[in-house]
Amino acid sequence: MHVEKYTKSAVGHLLRHYNRTANHVSNQDICADKTEFNYNLCKREEFDLSYYKKRISQVKCQNRADVKALCDWIVTLPKKDFTKEQEQLFFQSAYNFLAERYREKNVVSAWVHKDEAGQPHLHFCFIPVAIDKKKGIEKVSAKEVLTRRELQTIHKDMAHYMEHIFGYDIGILNGTTVGGNKSITELKLQDSQKELTRRISEISSLKQIKHQSISELANAIKQKPSLIADVSKAINIALGNRNELTQHLHHEERFRSR
Ligand SMILES: [Mn+2]
């Protein structure tokens, strides 16, 4: 399972993507024949977009374009030989677990997609509503709802919950093990993680070189203690201390003329 956060401007399009009323010509991964098997676990009389608008008007929301107003927990069905009933039990349980955690009135839609390449998955879409500690009012804050701690604990909590329902550990997939079903955002993230790994290995190889030359230097100093003075002169020159450089050159000249 992994979470995505979206700004207000994306909400209309996203909800149409989840409920499949958007034009999906561009999405090659959706198999139109299977779309009828999708189902929404969030049962409301009104349309998702109008419920979203109504709910967000009830809470404080900063009037800034970059405010994350909708979050989507994507929960993927583990690759097990689940019957149709077990599959539905899995998604219904995931819904119950998440609806309790983020409060049902903040849920906008909860579509199970069975028409995409890869495993069936749930898009649990909700407005991240936190309680403002000073004013005691409800406010939109993805930062305060999806804290680092929340992201660290939810996976384990969900696994426990499912174990309680199914009677055994069904193996909830986390974001890094989902594979196959990655969004653009995830792929970008993967790229930057690869870049980071590359940088880290570069740094550690640099450190190795540094260690080598330090031990070489240490050996050299042991054999010729006056080298310390030379090293400190060299450091000054390297740091751009012009006086040191001139003195050094004069000294060399005098040395040579003797
Ligand atoms: Mn989907």
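Described below are features of the structure shown in this document. (Residues numbered from 1 in each chain as written. Predicted model: local features only at pLDDT ≥ 70, side-chain atom pairs only at ≥ 80, totals over all residues. Heavy atoms only, no water.)

1. Considerations on the nonpolar core
Inclusion rule: Definition of nonpolar core: a set of buried residues of the types Ala, Val, Leu, Ile, Met, Phe, Trp, Tyr and Cys, connected through side-chain atoms within 4.5 Å. Per-residue accessibility, obtained with a 1.4 Å probe over protein chains only, is compared with the maximum for each type, and a residue is labelled buried under 20%, exposed over 50%, and partly exposed between these values. The numbering of helices and of strands both runs from the N terminus, where a helix is a DSSP run of H or I of at least 4 residues and a strand a run of E of at least 2. Whether two residues are in contact is decided by their heavy atoms: any pair within 4.5 Å suffices.
In terms of nonpolar packing, the biggest core is built from 35 residues, with Trp73, Phe90, Leu98, Tyr102, Leu122, Phe124 and Met158 touching the most fellow members. At the level of secondary structure, the elements contributing two or more residues to this core comprise strand 3 (68–76), helix 3 (84–102), strand 4 (107–113), strand 5 (121–126), helix 4 (142–145) and helix 5 (148–166). The element that contributes the greatest number of residues to this core is helix 3, accounting for eight residues. Not counting chain neighbours up to four residues away, the residues in contact with tyrosine 102 comprise Trp73, Phe124, Phe126, Val145, Leu146, Glu150 and Ile154.

2. Points about unusual backbone geometry
If you check the backbone angles, arginine 20 has positive phi at about 65 degrees while not being a glycine. If you trace the backbone, arginine 20 turns up in the loop between helix 1 (8–19) and strand 2 (39–40). The exposure class of arginine 20 is buried, given its relative accessible area of 12%.

3. Some thoughts on the coordination of the manganese ion
Put simply, the rule reads: Distances decide who is a donor: an N, O or S atom must be within 2.8 Å of the metal, or within 3.2 Å for Na, K and Ca. Water is not included, so sites may look incomplete.
The manganese ion binds to the protein through His113 (ND1), Glu116 (OE), His121 (NE2) and His123 (NE2); the donor distances cover 2.1 to 2.4 Å. Sequence positions of the donors to the manganese ion reduce to the motif H-x2-E-x4-H-x1-H. One end of the pair, histidine 113, is in strand 4; the other, histidine 123, is in strand 5, and 10 residues separate them in sequence. Residue histidine 113 is classed as buried on the basis of its relative accessible area, which comes to 1%. Residue classification places histidine 123 among the buried positions, given a relative accessible area of 6%.

4. Thoughts on the side chain of glutamate 87
If you trace the backbone, glutamate 87 turns up in helix 3. Residues within four places of glutamate 87 in sequence aside, it is in contact with Tyr39, Leu77, Phe82, Lys114 and Pro120.

5. Considerations on helix 5
Quick note on the threshold: How far a helix is expected to stretch is found by multiplying one less than its residue total by 1.5 Å. One axis is fitted to the seven residues ending at the residue and one to the seven starting there. The bend at that residue is the angle between these axes.
Here helix 5 is 19 residues long and its end C-alpha atoms lie 28 Å apart, about the 27 Å a rise of 1.5 Å per residue gives. When the local axis directions of helix 5 are compared, the greatest deviation, roughly 35 degrees, occurs at isoleucine 154. Among the residues of helix 5, those classed as buried are Glu150, Ile154, Met158, Ala159, Met162 and Phe166. Packing partners of the buried residues in helix 5 comprise strand 3, helix 3 and helix 4. Looking one or two residues beyond helix 5, the residue adopting positive phi is glycine 167, at roughly 85 degrees.

6. Some points on the pairing of strand 3
It is a general feature of regular strands that their side chains alternate between the two faces of the sheet. What counts here: Pairs of strands are assigned from DSSP output, requiring at least two bridges between the strands.
Across the nine residues that make up strand 3, a large majority, eight, are buried. Of the strand pairs in this sheet, strand 1 (residues 2–7) and strand 3 are connected by six bridges, and their pairing is antiparallel. By the bridge assignment for strand 3, threonine 7 is matched with lysine 68. In the sheet, strand 3 pairs with strand 5 via six bridges, with the strands oriented antiparallel. Paired with tryptophan 73 across the two strands is phenylalanine 124, which belongs to strand 5.

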